[in-house]
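As a plain string of letters, each chain reads:
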Amino acid sequence: MFTFLTRKSPLGLIRAIGTYDIIEHKAIISDQSIGLLPPKLLTGTSNEIYINPMLGNGYKNDVNSGQGFIPEAIFSKLGGYINANSAFSNDFLQGKSAYLVKGYPRKQIIMNPQKVKACIVTCGGLCPGLNVVIRELYMTLHYNYGVPEIYGIRDGYKGFYTPGCLQEFNTSTVHDIHLKGGTILRTSRGGWDKDKISNSIINNGFNQIYIIGGDGTHRGIASLVNELSSKGHFASVVGVTKTIDNDIPIIDRSFGFDTSVEEAQKAIDSADIEANSIENGVGLVKLMGRNSGFIALHSSIANRNVNLCLIPESDYELEGPNGVYAYIANRLKVKSHAVIVVAEGAATGCKDQDLRNTGKDASGNLALYDIGKHLKDGIAKYCKNQGIDVTLKYIDPTYMIRSIPANSTDKKLCTMLAQAAVHGAFAGFTGFSVGLVANQIAYLPVDLMTKIYEGKNASPGQRKVDVDNNMMWWKLMSSTGQPSFRNLV
Ligand SMILES: Nc1ncnc2c1ncn2[C@@H]1O[C@H](COP(=O)(O)OP(=O)(O)OP(=O)(O)O)[C@@H](O)[C@H]1O
Ligand SMILES: O=P(O)(O)OC[C@H]1O[C@](O)(CO)[C@@H](O)[C@@H]1O
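- Per an unreviewed UniProt entry, the recorded name for the protein chain is Phosphofructokinase domain-containing protein, and the organism is Stentor coeruleus.
- What UniProt records for the protein chain under Cofactor (unreviewed entry) is the sentence "Mg(2+)".

And the structure:
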């Protein structure tokens, strides 16, 4: 039986000495009977428990005074699991329920905040909100937990072992970065080297590592957790789910996705104005979506003026009586204008022409065939042969969308994700990521994230639009009026 000893540390931190399996961890292990999908528990050298420095009992206390500000009564109300059934397929659930651990601050924590050395890194492509996450990770670590040393790693994974990429943060480093797009840390693709990265973490003494990225990044996190553990290094490795394409399974949506759908409206509205301001006008907009067409799909449904949307998951043919070109030509004859949205990866769905994605980027992602340009030339040529004098305006706003600051909805999401990430590391979890599930912030085991997939032909760790079963696809057809192009002749 555990004896609870407490004393004030020199810095006012109450410390409880004992083994930390007495706290929530024990409960988590025993609760697996309810279908709990728990994050990994951090095990290692430390056997001390500390009281969360946010605990306070005076109503005059606040973060800026450096005092605890969350009353005991609130801590005891926090807790519980998220019913995550909506995030999993019936195949996965098999009649059972799935629960995820909720992201919130724990009263008992397993690291002395004053001994934490944290680092933050951003990997993969840009996404609106990256700087908000970086800032909030810093703010939570610095103000709420009093962590003394917080570093940024520049240039993604390779920055861990590249000289000059380590940058110590202070409040002025992050002061107004949430108002800017991009990432102050810069990012990169490729550069994954398990050995060099883990050695750099160990040599620098980092014991909390925050990694913001997409599916590729999370495969790296899963491997890094095992590597650090096999080298006996006591550190929590935490992911923050980031994908402008919204192609990470389990989560409701990533930060930056809402901003992107909103920003895409400007391009689609311009395409609509151009198309309607001339006889036989066509406005063609290319949006991001390498393997998954969520941005194109949601932007088209939101816009209401789109007449055709093509995504990587939807099969279609270009030529022939039931093809895309014939559909556009017929529409011009009847309505004299057309608005088209195409996801950049939509060449994948083309069944009658060999539009191959050839080559790979530094991370091993497919380099995409330029479907936008192909459609632009193909529609003009087809219509000309049909005697239609088409005027086509092609808009590619992809990098303009991805580089803008996050909107308020996404800023709020970034803030909640970052706070929960820090709370999870202090609670003693590792190898987990934070994501929005059933509208709450959940701790997602990274091992699970890299294995699970959603949608037909999705690879492990990937989510695709399920054009057979997902109602959003049929909602798109009802709002654009386009045929499914599915029964190809
Ligand atoms: N299987 C893997 N194991 C370890 N690291 C990986 C793996 N796949 C990708 N990475 C690394 O993760 C980082 C980011 O990967 P990637 O470029 O695919 O972006 P991402 O995280 O998927 O984000 P985005 O959605 O923007 O593409 C890169 O540094 C890459 O080398
Ligand atoms: O030009 P980059 O950096 O390779 O990024 C492009 C890719 O990044 C993403 O936005 C996210 O993976 C994809 O939609 C897109 O194909």
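Right, picking up where we left off after that structure.
**Overview of the site of ligand 2**
Logical step 1: Around ligand 2, a shell composed of Arg189, Ile244, Asp245, Met288, Gly289, Arg290, Glu344, Tyr399 and Arg402 is seen.
Logical step 2: Contacts to ligand 2 include Gly289, whose backbone N or O atom sits 3.4 Å from an oxygen atom.
Logical step 3: Within the side chain of Tyr399, one N or O atom sits 2.4 Å away from an oxygen atom of ligand 2.
Logical step 4: Within the complex, 78% of the 400 Å² of free accessible area of ligand 2 lies under protein.
Logical step 5: Taken together, the residues of the shell around ligand 2 break down into 3 nonpolar, 1 polar and 5 charged.
Logical step 6: For the shell around ligand 2, the domains that each give at least three residues are domain 1 (2-254 + 406-449) and domain 2 (257-402 + 467-480).

**A closer look at the packing of helix α10 (residues 324-335) against helix α11 (residues 371-385)**
Logical step 1: Their axes nearest at 10 Å, the elements α10 and α11 cross at an angle of 55°. In terms of orientation, α10 lies oblique with respect to α11. For the pair α10 and α11, the crossing hand works out as right-handed. In this structure, α10 contributes Tyr325, Ala326, Ile328, Ala329 and Leu332 to the contact, and α11 contributes His374, Leu375, Gly378, Ile379, Tyr382 and Cys383.
Logical step 2: Looking at the contact of α10 with α11 residue by residue, the classes come out as 9 nonpolar, 2 polar and no charged.

**Topic: helix α9 (residues 294-303)**
Logical step 1: With respect to burial, α9 is a largely interior element, 8 of its 10 residues being buried.
Logical step 2: Residues of α9 that are buried include every one of Phe294, Ile295, Ala296, Leu297, Ser299, Ser300, Ile301 and Asn303, and no others.
Logical step 3: Of the surrounding elements, those touching the buried residues of α9 are α8 (257-276), β14 (281-287), β15 (308-310), β16 (337-343) and α15 (471-480).
Logical step 4: Where α9 terminates, the next one or two residues include Arg304, which has phi positive at roughly 75°.

**So, the site of ligand 1**
Logical step 1: Taken together, 17 residues lie around ligand 1, and Gly125, Gly190, Asp215, Thr217 and Ser363 are the ones closest in.
Logical step 2: Within the contact set of ligand 1, an oxygen atom lies 2.9 Å away from a backbone nitrogen or oxygen of Gly214.
Logical step 3: Residue Asp215 places a side-chain N or O atom 2.6 Å away from an oxygen atom belonging to ligand 1.
Logical step 4: Protein coverage of the free-state accessible area of ligand 1, which is 620 Å², stands at 86%.
Logical step 5: Of the residues forming the shell around ligand 1, the biggest block, 5 residues, is contributed by helix α7 (residues 215-230).

**Topic: the domain arrangement of the protein chain**
Logical step 1: Domain annotation of the protein chain identifies domain 1 (2-254 + 406-449) and domain 2 (257-402 + 467-480).
Logical step 2: Here domain 1 and domain 2 have C-alpha centroids that lie 38 Å from each other.
Logical step 3: Taking both sides of the interface into account, the surface hidden between domain 1 and domain 2 amounts to around 1,500 Å²; carbon and sulfur atoms contribute 48%.
Logical step 4: The largest share of the area that domain 1 buries against domain 2 comes from Arg189, Ile244 and Asp245, three residues that together contribute 41% of it.
Logical step 5: Its salt-bridge partner being Arg189, residue Asp361 comes within 3.6 Å of it at the nearest N-O pair.
Logical step 6: Run the count over domain 1 and domain 2 and you get 7 residue pairs in polar contact (both at pLDDT 80 or more).
Logical step 7: Residues that form the side of domain 1 that touches domain 2 fall into these classes: 5 nonpolar, 6 polar and 5 charged.

**Examining the pattern of salt bridges**
Logical step 1: This structure, assessed with the given rule, holds 19 salt bridges.
Logical step 2: Among the ionic pairs, Asp447 bridges to Lys40, the shortest N-O distance being 3.0 Å. With Asp447 in helix α14 (residues 446-449) and Lys40 in strand β4 (residues 40-41), this residue pair connects regions lying 407 residues apart in the sequence.
Logical step 3: The partly exposed category is assigned to Lys40, whose relative accessible area is 33%.
Logical step 4: Between Lys373 and Asp377 there is a salt bridge whose closest N-O contact spans 2.9 Å. Here Lys373 pairs with Asp377, and both are found in helix α11, just 4 residues apart, close to one helical turn.
Logical step 5: Given a relative accessible area of 44%, Lys373 falls into the partly exposed group.
Logical step 6: Here Asp377 falls in the partly exposed class, since its relative accessible area comes to 36%.
Logical step 7: One salt-bridge network, in which partners are shared between bridges, spans Lys194, Asp195, Glu227 and Lys231.

Quick notes on the rules
Residues numbered from 1 in each chain as written. Chains lettered and ligands numbered in written order. Predicted model: local features only at pLDDT ≥ 70, side-chain atom pairs only at ≥ 80, totals over all residues. Heavy atoms only, no water. UniProt positions renumbered as here; feature names shortened; annotations may be inferred. Near = heavy atom within 4 Å. Polar contact = N/O pair within 3.5 Å; in protein donor to acceptor, adjacent residues only side chain to side chain. Areas by Shrake-Rupley, 256 points an atom, 1.4 Å probe, with all protein chains shown as cover. Nonpolar A, V, L, I, M, F, W, Y, C, P; charged D, E, K, R; others polar. Domains from an automatic or database assignment. Axes fitted to C-alpha atoms, helices over the stretch in contact; angles between N-to-C directions. Helix = DSSP H or I, 4+ residues; strand = E, 2+ residues; numbered from the N terminus. Parallel < 35°, antiparallel > 145°, perpendicular 65-115°, else oblique. Left-handed = near helix turned anticlockwise from the far one by under 90°. Contact = heavy atoms within 4.5 Å. Buried < 20%, exposed > 50% of the residue type's maximum accessible area, 1.4 Å probe, protein only. Buried area = accessible area lost by both parts, 1.4 Å probe. Salt bridge = Lys/Arg side-chain N within 4 Å of Asp/Glu carboxyl O.

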